[in-house]
Amino acid sequence: DIEGAIREAHRTLKSGGRLVVGDMHFDSFIWFSDHPDRMQRMKESWDDHLAERCVPAILPGILRDGGFVVDDVRPFTFCDDLLKPDGLARMMMVLMQRYAIEHDHLPEEEAKAWFDEQLALADEGRFFFSLTHFIVSARKI
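In this text the structure is predicted, and so the values were computed from the model without any measurement.

*Asks:* Can you help me understand a nonpolar patch on the surface in this one?
*Replies:* Residues Ile-30, Phe-32 and Phe-128 make up a contiguous nonpolar surface patch of about 240 Å² in total accessible area. Counting through the fold element by element, Ile-30 comes out in strand E1 (residues 18–31). On the basis of relative accessible area, Ile-30 is assigned to the partly exposed category, the value being 46%.

See the structure below:
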């Protein structure tokens, strides 16, 4: 309930108070695979857990309608051509594989094959992952 959360933020902030919200815009999600159909199924599985895949695109309008002035919308793109052990891509690989299996979106063997492919691509120097996070800053009027 994004609108409800914005109403509550407006209620609790004093005039001139600042609200800063960060979220990923999943239309910016790029992840290389030699098996694009399987990658698409993994991404669609992950979409199932999202309340809204494009929060940064709709949030400024919701904020303005909710009595805020939007001061800034700033992108931060996570982009990796190496699979970092503590990086966002590695964390998402673990979470996405588990989510797809637990929710019966993909057979366990297929989800594991996706995970293993990403490890192999990294070993071969062919890994690529990119996702943009947006920071929206607004003030209560």
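*Asks:* What am I meant to see in the nonpolar core here?
*Replies:* Within soluble globular proteins, side chains that are nonpolar generally end up buried alongside one another. By size, the foremost hydrophobic cluster in this structure holds 22 residues, and its most contacted members are Trp-31, Met-92 and Phe-129. Among the elements that make up this core, the one with the highest residue count is helix H4 (residues 88–102) (7 residues). The contact partners of Trp-31, leaving out residues within four places of it in the chain, are Met-39, Lys-43, Ala-89, Met-92, Met-93, Met-96, Trp-114, Gln-118, Phe-127, Phe-128 and Phe-129. Formed by 11 residues, the second largest nonpolar core is a distinct cluster that contains Ala-9, Val-55, Val-70 and Ala-138.

*Asks:* For this particular structure, what's the right way to read the packing of aromatic side chains?
*Replies:* Centre-to-centre distance and the angle between the planes together describe a pair of aromatic rings. In this structure the tally under the stated criterion is 7 aromatic pairs. Geometrically, the ring pair formed by Phe-29 and Trp-31 is tilted, given 5.7 Å between the ring centres and 45 degrees between the ring planes. For the pair Phe-29 and Trp-31, a shared accessibility class is recorded, and that class is buried. Here the aromatic rings of Trp-31 and Trp-114 are separated by 5.3 Å at their centres, their planes lie at 70 degrees, and the arrangement is edge-to-face. Of this pair, Trp-31 sits in strand E1 while Trp-114 sits in helix H5 (residues 108–124), placing them 83 residues apart in sequence. There is no split in this pair, since Trp-31 and Trp-114 are both buried. Of the aromatic side chains, those joined through ring pairs into one cluster are Phe-26, Phe-29, Trp-31, Trp-114 and Phe-129. The aromatic ring of Phe-29 is capped on one face by Lys-43, whose charged end is 4.9 Å from the ring centroid.

So, how was this worked out
Residues numbered from 1 in each chain as written. Predicted model: local features only at pLDDT ≥ 70, side-chain atom pairs only at ≥ 80, totals over all residues. Heavy atoms only, no water. Patch = residues over 30% accessible without salt bridge, like charges linked within 9 Å, V, L, I, M, F, W, Y side chains within 5 Å. Areas by Shrake-Rupley, 256 points an atom, 1.4 Å probe, with all protein chains shown as cover. Salt bridge = Lys/Arg side-chain N within 4 Å of Asp/Glu carboxyl O. Helix = DSSP H or I, 4+ residues; strand = E, 2+ residues; numbered from the N terminus. Buried < 20%, exposed > 50% of the residue type's maximum accessible area, 1.4 Å probe, protein only. Core = buried A, V, L, I, M, F, W, Y, C linked by side-chain atoms within 4.5 Å. Contact = heavy atoms within 4.5 Å. Phe/Tyr/Trp six-rings, centres within 6.5 Å; stacked < 30°, edge-to-face > 60°. Lys NZ or Arg CZ within 6 Å of the ring centre and 35° of its normal.

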